[in-house]
Amino acid sequence: MGKNLYQKVWDEHTVGTLQDGRTQLFIGTHLIHEVTSPQAFGMLRDLNLKVKYPKRTFATVDHIVPTDNQQRPFADPLADAMITELRKNAEEFDITYFDLASGMQGIVHVVGPEQGITQPGTTIACGDSHTATHGAFGAIAFGIGTTQVRDVLATQTIAMEELKVRRINVDGELSPGVYAKDVALHIIRLLGANGGIGYAYEYGGSIFDGFTMEERMTVCNMSIEGGARCGYVNPDATTFEFLRNRPYSPKDTEWDVAVKRWESYASDADAQYDDIVNINAADIEPTVTWGISPDQGVAISESIPDPAQAKNEVERASIEEALEYMKLPAGAAIKGTHVDVAFIGSCTNGRLSDFREVAKYLKGRKVAEGVKALAVPGSQITAVICKKEGLDKIFIDAGFEWREAGCSMCLAMNPDKLKGDQLCASSSNRNFKGRQGSPTGRTVLMSPLMVAAAAIEGEIADAREVFSVN
Amino acid sequence: MSIPSITQVSGTAVYIPGADIDTDRIIPARYLRCVTFDDLAEGLFRDVRTDPDGKPLNHPLDDPQFQGANIMLSGPNFGCGSSREHAPQAIRRAGFDAVIAESFAEIFFGNSTGLGMPCVCASAEEIKALGAAVQANPKLEVSIDLDAMTASYGDTIIKVTMPDSAREALMSARWDPIQELLDNIDSIETRAEALPYV
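Residues numbered from 1 in each chain as written. Chains lettered and ligands numbered in written order. Predicted model: local features only at pLDDT ≥ 70, side-chain atom pairs only at ≥ 80, totals over all residues.

**A closer look at the overall build of chain A**
Part 1: When its secondary structure is counted, chain A shows 17 helices and 19 strands.
Part 2: Taking 2.2 N^0.38 as the reference for a compact globule, 470 residues should give roughly 23 Å; the C-alpha atoms of chain A span a radius of gyration of 21 Å, in line with that estimate.
Part 3: Considering only C-alpha atoms, chain A reaches an extent of 55 × 55 × 45 Å along its principal axes.
Part 4: Taking all 470 residues of chain A together, the buried fraction comes to 61%.
Part 5: Taking as baseline every contact in chain A between residues at least 6 positions apart, the subset at least 24 positions apart corresponds to 76%. (Helix = DSSP H or I, 4+ residues; strand = E, 2+ residues; numbered from the N terminus. Rg over C-alpha atoms; globule rule 2.2 N^0.38 Å. Buried ≥ 20, exposed ≤ 12 C-beta atoms within 10 Å, placed from the backbone. Contact = placed C-beta atoms within 7 Å.)

Written out as structure tokens, the structure reads:
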């Protein structure tokens, strides 16, 4: 019987079995950032421990960086203290650090792939739940807590239980104007925000075969929104082409050897899965959320749910709670909902292809009066290429603020925050209560092009109509 | 380095109902602007406890009857979303020793176990009944027994569940795995040498 990629990578990285029954798993690549690592270094010092494999950890700064003015010291002294701490830790423990002055800084999940640090057949951990993004390359990548960041720093291993694997096939064809983000939101809506607990998601089928690496990253990124700690796509020619000539990719003769090895990690044709889900791509429409959990989504043509039509008491209560917070009328069309802010960016949709795709349609259009529109590239390198291609100008001419790289309004740890109960059309990944920085702020998740459509119309709109996508 | 084994947690409970209570709600992101975990208790559920003007929202955590509670009760998928360990750290630092919920998000569960804070699951009906009992009598003694895998209050005993490995780790004082991980340093090095990319 064949093995799937998860099992192959798991077995190759197993150090042993701990006394409580968990596996001691070797972490090939460790990524750190300023929010979840300082305490881990503190614990290391308290225990008088060193970093075991400093070359296997890479640091960057993303969550707290301002995107309007990155001159140090930052206006927020707490943010400035965090970045100072990260630099100190990186220097003291000899860790590669892509800082603001490096030209390579950015959201950790954009930087890893961009540098070629993210590679197939590896285990990747980071104190950040969106680490599953790196699974797009056929890696087993997952978020960990700070105490586990300590464990990785000190031993390059963690204690972990093996997950089950659910294969999710999406086959057929996506209609024009339907993007990887819609696929992610559709899967989460279908399987629920907790449907993936205990599972790694293996994404496949003709849609994933045809996806670019950036599209694969968008879907893998949101695995955790469906409860799956890790999600991946089997490595193929698309993967290898993306990695060719990246700074940390294997070079020369090592390249061919690496590609051969990477190919061997792909799930075997007769691999077994604990569960299989089949989705017809033709059923996926541009999808937007209406509630306070990423699984509360509808197609743009659908209406906001009515609690009166809930299947049971639990569902009724959860719809009511969401609609009360979102201040949305039950049963009404989601299309036409007034929008105050539009945000394009984040580790889900802040990559070069996202800005290129939106720019194609944004030329000559104007953001509606009263809408604050932000475009935030996911990394400094993304920003440079966007500038070179003149994309920044297209966004600025349309009325977007073009910002510098960072997580920005995805989680609003920097000054980019909603005010009061503003409603934000957002290309990010979470619509939790208060997620975008205001305790009463409202988030509607959607694809970057849908965000652009909402920015132009001043209300939630069907990008296919606004931009005549066909 | 010695840590205590954890087999029983007893005390009083507070019920925070709701599905999919995410870690942003447990500790809003602005409280993450810190380099230690020391002052996190203040941020616990902050934005559902007070409105932006500081007006109390009558959250169970602020109900005088439930002051001193050390067991938290909640609904399904508790702790979903962000991996921030700040969430269980805030719960712990606010005086809680255990959480009983319908289910837990995985990263939150692992982080909590690593802090020696057991998270056990019970059915929706049982949590609702326990919540009602606690509401009726806030001083009700609630006890979680990891050996028997039960939670008891008054004359009622309910079954709770938890993955075997976490249960074993808590009961055998290995919930902080660092020492055992370090002890295996030779195997770690062997594994590293065998990995072609390391």
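Back to the text.
**Observations concerning the interface of chain A and chain B**
Part 1: Counting residues at the interface gives 60 residues for chain A and 52 residues for chain B.
Part 2: Listed by contribution, the elements that provide at least two residues to the side of chain A that touches chain B are β1 (14–17), β2 (23–26), α2 (38–46), α3 (77–92), α5 (146–155), β8 (157–160) and α11 (313–326) of chain A.
Part 3: For the side of chain A that touches chain B, the per-class residue count stands at 22 nonpolar, 26 polar and twelve charged. (Nonpolar A, V, L, I, M, F, W, Y, C, P; charged D, E, K, R; others polar.)

**A short note on the domain arrangement of chain A**
All names here are of chain A.
Part 1: What the domain assignment lists for chain A is domain 1 (5–265) and domain 2 (288–466).
Part 2: If you average the C-alpha positions of domain 1 and of domain 2, the two centres end up 24 Å apart.
Part 3: Each partner contributes to the interface: domain 1 provides 36 residues, whereas domain 2 provides 37 residues.
Part 4: Of all the elements in the fold, those that place two or more residues in the side of domain 1 that touches domain 2 are α4 (108–115), α6 (180–191) and α8 (213–221).
Part 5: With five residues, α6 is the largest single contributor of residues to the side of domain 1 that touches domain 2. (Domains from an automatic or database assignment.)

**Overview of the nonpolar core**
Part 1: Grouped together as the largest cluster of nonpolar side chains are 207 residues, with contacts concentrated most on Leu-73 and Ile-100 of chain B.
Part 2: Looking at this core, you find at least three residues from each of domain 1 (5–265) and domain 2 (288–466) of chain A.
Part 3: Once residues within four sequence positions are removed from consideration, Leu-73 of chain B is found in contact with Ala-13, Val-14, Tyr-15, Ile-16, Ile-100, Ile-127, Leu-130, Gly-131 and Val-134 of chain B. (Core = buried A, V, L, I, M, F, W, Y, C linked by C-beta atoms within 7 Å.)

**Notes on the packing of α2 of chain A against α5 of chain A**
Residue and element names in this part refer to chain A.
Part 1: Closest axis-to-axis distance for the α2/α5 pair is 8 Å, and the angle between their directions is 55°. Of the possible angle classes, the one that applies to α2 and α5 is oblique. When you trace α2 past α5, the crossing you get is right-handed. Packed against α2, whose contacting residues are Gln-39, Ala-40, Met-43 and Leu-44, the element α5 presents Thr-146, Val-149, Arg-150, Leu-153 and Ala-154 at the interface.
Part 2: A breakdown of the residues in the contact of α2 with α5 according to their chemical character gives six nonpolar, two polar and one charged. (Axes fitted to C-alpha atoms, helices over the stretch in contact; angles between N-to-C directions. Parallel < 35°, antiparallel > 145°, perpendicular 65-115°, else oblique. Left-handed = near helix turned anticlockwise from the far one by under 90°.)

**Description of the sheet that holds strand β19 (residues 442–445) of chain A**
Residues and elements named next belong to chain A.
Part 1: Judged by pairing direction, the sheet is parallel, and its five strands sit side by side in the order β17-β16-β15-β18-β19 without closing on themselves. Sheet topology places β17 (401–402) and β19 at the edges, where each strand pairs with a single neighbour.
Part 2: Sheet analysis places strand β15 (residues 341–344) next to strand β16 (residues 372–375), joined by four bridges and oriented parallel. For Ile-344, the partnering residue across the bridge sits in β16 and is Ala-375. (Pairing = 2+ DSSP bridges.)

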